[in-house]
Amino acid sequence: GLFPSIVLSMLMSLPPKIIALLARFAGVLTLGEVESYVQNYYFHFRVVQVFLVAALGSTAMSVLAQIYSDPSSATTVLATRLPGASNFYLSYFVVQGFTEAALVVLNVDGLLSRCLFSSIFDDTPRKKARRRKECFRISSGTAFAISSSLIVIALCYAPTAPLTLCFATVAFVMFYLAYRHNLFFVADIAAETNGRIYYRALRHAMVGIYLGELYLVGLFAVVSVDGQRV
């Protein structure tokens, strides 16, 4: 049961870099605006890809198309599809907590950039100094998008699968220890956002409450095959 969670966690490390490049191509000027851009779009990407698509299964696209054409069916779809994915997210929280914390502490991207890419692409002392400086920076937009998406999953499953909160607590404790160590002793944030990251993260967390309400409404409204209410 851990293998799908590990693969999904590894794949999710690529989209933030792609979104940051798209932000620069889109004309975003400052680094703070790039971080806000990454946080916003990466959060929506994770909610759809990590939560909804993984929970809805192989028929995710047809189900999402059904919800788009008939929004009133969202409660029924969520009520019938989400309960089966609760076991997957129990292991996903643990894997995400340990792998993300390990990647933050080890700074694998910075290690590869400094040891491998620097010897290949940097031919002047200025380029090498710039790369060493950029190796020890944490993207606040990526970090808050990951945390907000996990909060959404935990809040959505909290009423029907309270055990999810215990595993989510493990993940957030690992996040806290890893980022606390890096920000105090090792790295710095990539850009100053003047607080925009924080209030947007709180707004993103409310998505979990809204999805949880739709989930509960669907559970109370769904009629089973034998005509009895769930």
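Residues numbered from 1 in each chain as written. Predicted model: local features only at pLDDT ≥ 70, side-chain atom pairs only at ≥ 80, totals over all residues. Heavy atoms only, no water.

Q: With reference to specific residues and values, describe the overall build of the chain.
A: Looking only at helices and strands, the chain features 11 helices and two strands. Counting from the amino terminus, helix and strand elements in the chain follow one another as α-α-α-α-α-α-α-α-β-α-α-β-α. Restricting the contact set of the chain to residue pairs at least 6 apart, pairs at least 24 apart contribute 78%. Total accessible area on the chain is roughly 13200 Å²; 67% of this is exposed by carbon and sulfur atoms. (Helix = DSSP H or I, 4+ residues; strand = E, 2+ residues; numbered from the N terminus. Contact = heavy atoms within 4.5 Å. Areas by Shrake-Rupley, 256 points an atom, 1.4 Å probe, with all protein chains shown as cover.)

Q: Give a detailed account of the side chain of Gln39, specifying residues and quantitative values.
A: Relative to the elements of secondary structure, Gln39 occurs in helix α3 (residues 31-56). Relative accessible area serves as the criterion here: at 0%, Gln39 is assigned to the buried category. The contacts of Gln39, once residues within four sequence positions are left out, are Gly141, Phe144, Ala145, Ile197, Arg200, Ala201 and His204. (Buried < 20%, exposed > 50% of the residue type's maximum accessible area, 1.4 Å probe, protein only.)

Q: Provide a residue-level description of the confidence of the model for the chain, including the pertinent values.
A: Summarising the model, the chain shows a mean pLDDT of 77, and 73% of its residues fall at 70 or more. Across residues 223-230, confidence stays below pLDDT 50; counting only partners more than four residues off in sequence or on other chains, it has eight contacts. (pLDDT = per-residue confidence, 0-100.)

Q: Any details on the nonpolar core? Residues and values, ideally.
A: Tyr42, Phe51, Leu82, Tyr89, Phe93, Ile153 and Tyr157 are the most contacted members of the largest nonpolar core, which totals 41 residues. Of all the elements in the fold, those that place two or more residues in this core are α2 (15-25), α3, α6 (86-106), α9 (140-157), α10 (163-186) and α11 (196-221). If sequence neighbours within four positions are ignored, Tyr42 has contacts with Met12, Pro15, Pro16, Ile19, Thr142, Ala145 and Ile146. (Core = buried A, V, L, I, M, F, W, Y, C linked by side-chain atoms within 4.5 Å.)

Q: So what's going on with a nonpolar patch on the surface? Which residues, and what values?
A: Residues Leu11, Leu14, Ile18, Leu21, Leu22 and Phe25 make up a contiguous nonpolar surface patch of roughly 650 Å² in combined accessible area. Along the chain, Ile18 falls in helix α2. (Patch = residues over 30% accessible without salt bridge, like charges linked within 9 Å, V, L, I, M, F, W, Y side chains within 5 Å. Salt bridge = Lys/Arg side-chain N within 4 Å of Asp/Glu carboxyl O.)

Q: Which residues make up the packing of α6 against α9, and what are the values?
A: Direction vectors running N to C along α6 and α9 enclose 155 degrees, while the axes themselves pass 12 Å from each other. Here α6 is positioned roughly antiparallel relative to α9, judged by the angle of their axes. Once α6 is placed against α9, the crossing between them reads as left-handed. For the pair α6 and α9, the contacting residues are Ser86, Tyr89, Tyr92, Phe93, Gln96 and Glu100 in the first and Ile146, Leu150, Ile153, Ala154 and Tyr157 in the second. When grouped by side-chain class, the residues that make up the contact of α6 with α9 number eight nonpolar, two polar and one charged. (Axes fitted to C-alpha atoms, helices over the stretch in contact; angles between N-to-C directions. Parallel < 35°, antiparallel > 145°, perpendicular 65-115°, else oblique. Left-handed = near helix turned anticlockwise from the far one by under 90°. Nonpolar A, V, L, I, M, F, W, Y, C, P; charged D, E, K, R; others polar.)

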